[in-house]
Amino acid sequence: METVLSGIRSTGHLHLGNYFGAIRNFVKMQHQHHCYFFIADYHSLTTHPTPSDLHQNVRQVLVEYLAAGIDPEAATLYIQSDVPEVTELFLLLNMNAYKGELERCTSFKEKIRRQPDNVNAGLLTYPVLMAADILIHRATKVPVGKDQEQHLEMARTFANRFNRLYKTGYFPQPFAYNFDSELLKIPGLDGSTKMGKSEGEGNAIFLADDPATIRKKVMRATTDAGPAVAGQPMTQPIENLFNLMRVVSSEDMLQHFLQAYEDTSIRYGDMKKQLAEDIIAFTTPLREKIADIGKDNNYLGRVARMGAEKARESAAKTLGDVREIIGFKSFY
Ligand code: TRP
């Protein structure tokens, strides 16, 4: 059994791409490994949310992860700011994180380009906080996307540096966890190959979208200008529609439209109508669960408390060891 950990951004709703890309795998992993999933609300302060946004976003992410099947008994599902041990480890790791390496980090450069009026120290030390998240549970596997690989490499650097400095093997090196063949890439509705929240309005189908919204988004999805031409390879937008069908529609339905594409009788309007209904059928149970769990403050409170307790137990153990290794000794 490995210790697997993943941090979840506390912004925005989950979309089908998140569901098929990561969450479905989290749900499977939670029974096979020792899993920690947390909502990274300290990290979200780097962009200065308002107090109500901060809480509302964390709440929504918690609700949607539970609805999507994260089992708070099997995994440790917690909110980062409920585990103050993380911030102490962050402080300790900061002493051995160098300004130069933090400034060279790609995501830092990208963020100062995007928010030049808010280049706060939290942005610079973002990778150190992320390393603290991982090392606090001595996790060895971290399921992250490509955009987080450099951060993970920095976490390994900080772990190794700590080990070298204090002549210990205390921190294991965390590596990216690849979902191998299970990974399904969900295309966007705007003809792009990736469904993403930041890709633009109408690109993503959210798990919480109601049927009318789903129909509207799918009917507006990009298709080719002209009709299908026999023998021509599919264009990206059309391939995207078929790829969406592959995950939500029945095999018969998929074959029906593939056949219609082959013999050029296909009408994309019909295909999109069907696709919308299949997406609605797929997301409806999730949407209903999101609504139910979202009403249940008691349940959310119990989940958050249980997560905090489990996470703090593991975190306190690590922090105690680390303080001892560094040389802190109590006078009383
Ligand atoms: N930086 C990650 C993201 O933007 C979120 C995150 C914070 C994280 N801490 C983490 C991911 C620790 C994995 C492990 O998606």
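In this text, all values refer to a predicted model and were calculated from it rather than measured experimentally.

A few words on the overall build of the chain. Secondary structure assignment for the chain yields 14 helices and five strands. When burial is assessed residue by residue, the chain has 48% of its 332 residues classed as buried. Look at the contacts in the chain between residues 6 or more apart in sequence, and 78% of them connect residues 24 or more apart. Each charge class in the chain was averaged separately, 38 positive and 40 negative side chains, and the resulting centres sit 5 Å apart.

What follows concerns the environment of Val-322. Along the chain, the position of Val-322 falls in helix H14 (residues 297–326). Given a relative accessible area of 0%, Val-322 falls into the buried group. Beyond its immediate sequence surroundings of up to four residues, Val-322 is in contact with Leu-89, Leu-92, Phe-162, Tyr-170 and Phe-171.

Now for the nonpolar core. If you look at the biggest cluster of nonpolar residues, it comprises 61 residues, and the most contacted ones within it are Phe-37 and Phe-242. Broken down by element, this core gets its largest block of residues, nine residues, from helix H13 (residues 268–295). Domain assignment of the residues forming this core places at least three in each of domain 1 (3–184 + 296–326) and domain 2 (197–291). Setting aside residues up to four positions removed in sequence, Phe-37 forms contacts with Ser-6, Ile-8, Phe-26, Met-29, Gln-30, Ile-70, Ala-75, Thr-76, Leu-77 and Tyr-78. Leu-92, Leu-152, Ala-311 and Leu-319 belong to the second largest nonpolar core, which has 40 residues in total.

Moving on, we get to the packing of helix H3 (residues 51–67) against H13. Packed helices, taken two at a time, are described by the angle their axes make and the gap between the axes. Packing of H3 against H13 brings their axes to within 9 Å, and their N-to-C directions diverge by 130 degrees. When the axes of H3 and H13 are compared, the pair comes out oblique. Here H3 runs over H13; the crossing is right-handed. Between H3 and H13, the residues in contact are Arg-59, Gln-60, Val-63, Glu-64, Leu-66 and Ala-67 and Leu-286, Lys-289, Ile-290, Ile-293 and Gly-294, respectively.

This brings us to the site of the ligand. The full set close to the ligand counts 13 residues, and Gly-7, Arg-9, Tyr-126, Asp-133 and Gln-148 are the nearest of them. The separation between a nitrogen atom of the ligand and a polar side-chain atom of Tyr-126 is 2.8 Å. Side-chain polar atom of Gln-148 to a nitrogen atom of the ligand: 2.9 Å apart, as the coordinates give it. Starting from 370 Å² of accessible surface for the ligand in isolation, the protein chains cover 94%. Going through the elements one at a time, strand E1 (3–9), strand E2 (34–40) and helix H8 (126–135) are the ones with two or more residues in the shell around the ligand. Top contributing element to the shell around the ligand by residue count: H8, with four residues. For the shell around the ligand, the residue count by class is eight nonpolar, three polar and two charged.

Right, let's talk about the layout of surface pockets for a bit. For the second largest pocket, the calculated volume is near 220 Å³. Along its surface, the second largest pocket is lined by 13 residues, and His-55, Val-58, Arg-59, Leu-62 and Ile-79 are the ones closest to its centre. Counting only elements with at least two residues in the lining of the second largest pocket, the list comes to H3 and H14. By residue number, the principal contributor to the lining of the second largest pocket is H3, which donates five residues. A per-class count over the lining of the second largest pocket returns six nonpolar, four polar and three charged.

Turning to the environment of Tyr-78, a few remarks are in order. When you line up the elements, Tyr-78 lands in strand E3 (residues 76–79). Sequence separation of Tyr-78 and Ala-311 is 233 residues, and the distance between their C-alpha atoms is 7.0 Å. Contacts of Tyr-78, omitting those with residues within four sequence positions, involve Leu-5, Tyr-36, Phe-37, Phe-38, Ile-39, Val-83, His-137, Gly-307, Ala-308 and Ala-311. There is a polar contact of 3.0 Å between the side chain of Tyr-78 and the side chain of His-137.

This brings us to the domain arrangement of the chain. Assigned domains of the chain: these are domain 1 (3–184 + 296–326) and domain 2 (197–291). Counting residues at the interface gives 14 residues for domain 1 and 13 residues for domain 2. In total, about 1,200 Å² of surface goes out of reach between domain 1 and domain 2, with carbon and sulfur atoms giving 80% of it. Summed over the shared surface of domain 1 and domain 2, the number is zero salt bridges. On inspection of domain 1 and its partner domain 2, the count reaches two residue pairs in polar contact (both at pLDDT 80 or more). Put simply, the parts of the chain that give the side of domain 1 that touches domain 2 at least two residues each are helix H1 (16–29) and H3. Considering every element that reaches the side of domain 1 that touches domain 2, the biggest residue donor is H3, with four residues.

Moving on, we come to the packing of H1 against H13. Viewed as axis vectors pointing N to C, H1 and H13 meet at an angle of 70 degrees, and their least axial separation amounts to 12 Å. Relative to H13, the element H1 lies roughly perpendicular. Contact residues: H1 offers Leu-16, Tyr-19 and Phe-20, while H13 offers Ile-279, Phe-282, Thr-283 and Leu-286. Split by residue class, the contact of H1 with H13 holds six nonpolar, one polar and no charged.

Basis of the calculations
- Residues numbered from 1 in each chain as written.
- Predicted model: local features only at pLDDT ≥ 70, side-chain atom pairs only at ≥ 80, totals over all residues.
- Heavy atoms only, no water.
- Helix = DSSP H or I, 4+ residues; strand = E, 2+ residues; numbered from the N terminus.
- Buried < 20%, exposed > 50% of the residue type's maximum accessible area, 1.4 Å probe, protein only.
- Contact = heavy atoms within 4.5 Å.
- Lys, Arg positive; Asp, Glu negative; His and termini not counted.
- Charge placed at Lys NZ, Arg CZ, Asp CG, Glu CD.
- Core = buried A, V, L, I, M, F, W, Y, C linked by side-chain atoms within 4.5 Å.
- Domains from an automatic or database assignment.
- Axes fitted to C-alpha atoms, helices over the stretch in contact; angles between N-to-C directions.
- Parallel < 35°, antiparallel > 145°, perpendicular 65-115°, else oblique.
- Left-handed = near helix turned anticlockwise from the far one by under 90°.
- Near = heavy atom within 4 Å.
- Polar contact = N/O pair within 3.5 Å; in protein donor to acceptor, adjacent residues only side chain to side chain.
- Areas by Shrake-Rupley, 256 points an atom, 1.4 Å probe, with all protein chains shown as cover.
- Nonpolar A, V, L, I, M, F, W, Y, C, P; charged D, E, K, R; others polar.
- 1 Å grid on protein atoms, 1.4 Å probe; cavity = no way out; pocket = protein on both sides within 12 Å on 5 of 7 lines; lining within 4 Å.
- Points joined across faces, edges and corners; volume = space filled by probe spheres on them.
- Buried area = accessible area lost by both parts, 1.4 Å probe.
- Salt bridge = Lys/Arg side-chain N within 4 Å of Asp/Glu carboxyl O.

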